[in-house]
Amino acid sequence: MGNTAKFVHKISKGGRYMQVYVPKEKEQEFGVGDLVEVKLLEKRVKLYYSPNLPKLIEFKEQMIRSIFSILAEFSDIQQVFIIGSFLVKHVDYNDIDILVVSSSLDKNIEKNIYSEVTVKYPLRFHMLVISPDKFNNLLHICPVTRGMLSNYVSSKPFTPPSKIEIDKNHILFLLMMPEDILDVSVESRVYYDNLRRLIVIERFLKNKKLNFQDIDGEINHLLGSSMRPILEKNELLAKEDVSSIRSKIQKKIFIIERMLKDEQI
Amino acid sequence: MSKSKIIKELTNLLAIALRHRIGSKVNSKEVYAAKYARDADILLREAKKVAINEHWSKNDKIKIKALLNKKLKDELAIRDFIDNKKFDIMESEVEDVLNGLNLL
């Protein structure tokens, strides 16, 4: 017998040790006392869901597993999140958002990750690569980041820090776009995204949960069931509707600015 | 709309778009630059819609550049939450955006 004898099996959990069983039909080749080598062929990819996210359909889970598996080949990548509408919408999701926490921010890494993923899945991906330190900082100060991570599927367990910090300059930076679209005419979807951003900022400052369901409820309440789909689908808005939405945006900005001036913040 | 009004509208849009783009580049905490840069892209798209339908003379282009520089400087100056490095890259960003719109 040469050294070609082999079998493929999954590791299972034993009482004290992890174990690999030798199949009964292989006992002629693999006997007690023989020396063997165990080699990892494929890492089992586990998906970690955010608490309120319903289980995804098999196709999506399979795709995420496959993406995580591709990205596991990059040694600098510490954690990968799938976020955004892909997780909550059945069909009409936009890009597939991938947030990558990586110790290397080499300019090529984003390009390499993108090309590896799109070779397997020729879809529209939006890739964001950030360092662990900055990611950790953003989790404390950035409402948008926290909001985005209210729904996720992660390659590792994840719990956002419960303590937040109010970084006034950062919030003011986030308010720039909502303020600008009070004067500048933009496509209707932009009003929707910015109203959503304001809801997230307000809830962050009030230390409220940023989960998708609550934010969705608030946006429904603000826009009503007839206006929301028009904005979401980026359809043309009547002049009076633009005024009405701008007034809602302005009110939200006013509330946020007042909170920022508040001594408690 | 008269040409001078179009130039006014175009430079307003470009100044705001560039303020977003520069802000996302220089603010060290805006590591989520790729996301915030989308704001700049949205506004640049609106500026392109204004620029594309006009024939611009050499004189117009000089006027646009001068006006944009002034407006952008004002836009950046009043926003002290954007890092002061903003003024260092202002000129190159103006060149870059005007070049992209064939306005240099």
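What counts, and at which threshold
- Residues numbered from 1 in each chain as written.
- Chains lettered and ligands numbered in written order.
- Predicted model: local features only at pLDDT ≥ 70, side-chain atom pairs only at ≥ 80, totals over all residues.
- Helix = DSSP H or I, 4+ residues; strand = E, 2+ residues; numbered from the N terminus.
- Rg over C-alpha atoms; globule rule 2.2 N^0.38 Å.
- Buried ≥ 20, exposed ≤ 12 C-beta atoms within 10 Å, placed from the backbone.
- Contact = placed C-beta atoms within 7 Å.
- Axes fitted to C-alpha atoms, helices over the stretch in contact; angles between N-to-C directions.
- Parallel < 35°, antiparallel > 145°, perpendicular 65-115°, else oblique.
- Nonpolar A, V, L, I, M, F, W, Y, C, P; charged D, E, K, R; others polar.
- Pairing = 2+ DSSP bridges.
- Domains from an automatic or database assignment.

Some remarks on the overall build of chain B
Inference 1: Within chain B one finds four helices and zero strands.
Inference 2: By the compact-globule yardstick of 13 Å for 104 residues, chain B fits well, its C-alpha radius of gyration being 13 Å.
Inference 3: If you line up chain B on its principal axes, its C-alpha atoms span 40 × 20 × 20 Å.
Inference 4: Out of the 104 residues belonging to chain B, those deemed buried represent 34%.
Inference 5: Within chain B, counting contacts between residues at least 6 apart in sequence, those at least 24 apart form 74% of the total.

What to know about the overall build of chain A
Inference 1: Secondary structure summary: chain A contains nine helices and seven strands in total.
Inference 2: Its C-alpha atoms give chain A principal-axis dimensions of about 85 × 40 × 35 Å.
Inference 3: Across the 265 residues in chain A, those meeting the buried criterion constitute 25%.
Inference 4: Residue pairs in contact within chain A that sit at least 24 positions apart in sequence constitute 65% of those at least 6 positions apart.

Some remarks on the packing of helix α7 (residues 188-205) of chain A against helix α8 (residues 212-232) of chain A
All names here are of chain A.
Inference 1: α8 packs onto α7 with a crossing angle of 180° between their chain directions and a minimal axis gap of 11 Å. The orientation of α7 relative to α8 falls into the category roughly antiparallel. From α7, Ser 188, Arg 189, Tyr 191, Tyr 192, Leu 195, Arg 196, Ile 199 and Val 200 reach across to α8, where they touch Ile 215, Glu 218, Ile 219, Leu 222, Ile 230, Leu 231 and Glu 232.
Inference 2: Residue composition of the contact of α7 with α8, grouped by class: ten nonpolar, one polar and four charged.

With respect to the pairing of strand β5 (residues 96-102) of chain A
All names here are of chain A.
Inference 1: For β5, a buried count of seven out of seven residues is recorded, marking the element as mostly surrounded by other parts of the structure.
Inference 2: By the alternation rule, side chains of β5 split into Ile 96, Ile 98, Val 100 and Ser 102 and Asp 97, Leu 99 and Val 101, which are all buried.
Inference 3: Examined bridge by bridge, strand β4 (residues 77-83) and β5 share six bridges and lie antiparallel to one another. For Phe 81, the partnering residue across the bridge sits in β5 and is Leu 99.
Inference 4: Note: β5 against strand β6 (residues 125-130), six bridges, orientation parallel. Its bridge partner being in β6, Ile 96 is matched across the sheet by Phe 125.

Observations concerning the environment of Asp76(A)
Residues and elements named next belong to chain A.
Inference 1: Tracing the backbone shows Asp 76 in the loop between α1 (58-71) and β4.
Inference 2: Residue classification places Asp 76 among the partly exposed positions, given that 14 C-beta atoms sit within 10 Å.
Inference 3: Between the C-alpha atoms of Asp 76 and Ser 131, which are 55 residues apart in sequence, the distance is 9.9 Å.
Inference 4: If near-sequence neighbours (up to four positions away) are discounted, Asp 76 is found in contact with Ser 102, Ser 103, Ser 104 and Ile 109.

Overview of the domain arrangement of chain A
Residues and elements named next belong to chain A.
Inference 1: According to the domain assignment, chain A contains domain 1 (48-154) and domain 2 (168-261).
Inference 2: The distance between the C-alpha centroids of domain 1 and domain 2 comes to 25 Å.
Inference 3: Each side of the interface is counted separately: domain 1 has ten residues, and domain 2 has ten residues.
Inference 4: No other element matches the four residues that helix α5 (residues 143-148) contributes to the side of domain 1 that touches domain 2.
Inference 5: Residues belonging to the side of domain 1 that touches domain 2 are distributed by class as follows: five nonpolar, four polar and one charged.

Looking at the interface of chain B and chain A
Inference 1: Each partner contributes to the interface: chain B provides 16 residues, whereas chain A provides 20 residues.
Inference 2: Ranked by residues supplied to the side of chain B that touches chain A, first place goes to helix α2 (residues 33-52) of chain B with six residues.
Inference 3: Its residues assigned to classes, the side of chain B that touches chain A shows eight nonpolar, three polar and five charged.

Description of the sheet that holds strand β7 (residues 153-154) of chain A
Residue and element names in this part refer to chain A.
Inference 1: The sheet built from five strands is open, its strands ordered β3-β7-β4-β5-β6 with mixed pairing. Looking at which strands have only one partner, the edges of the open sheet turn out to be β3 (48-49) and β6.
Inference 2: Bridge count between β4 and β7: two bridges; the pairing is antiparallel. In the sheet register, Phe 81 faces β7, and the bridge partner there is Ser 154.

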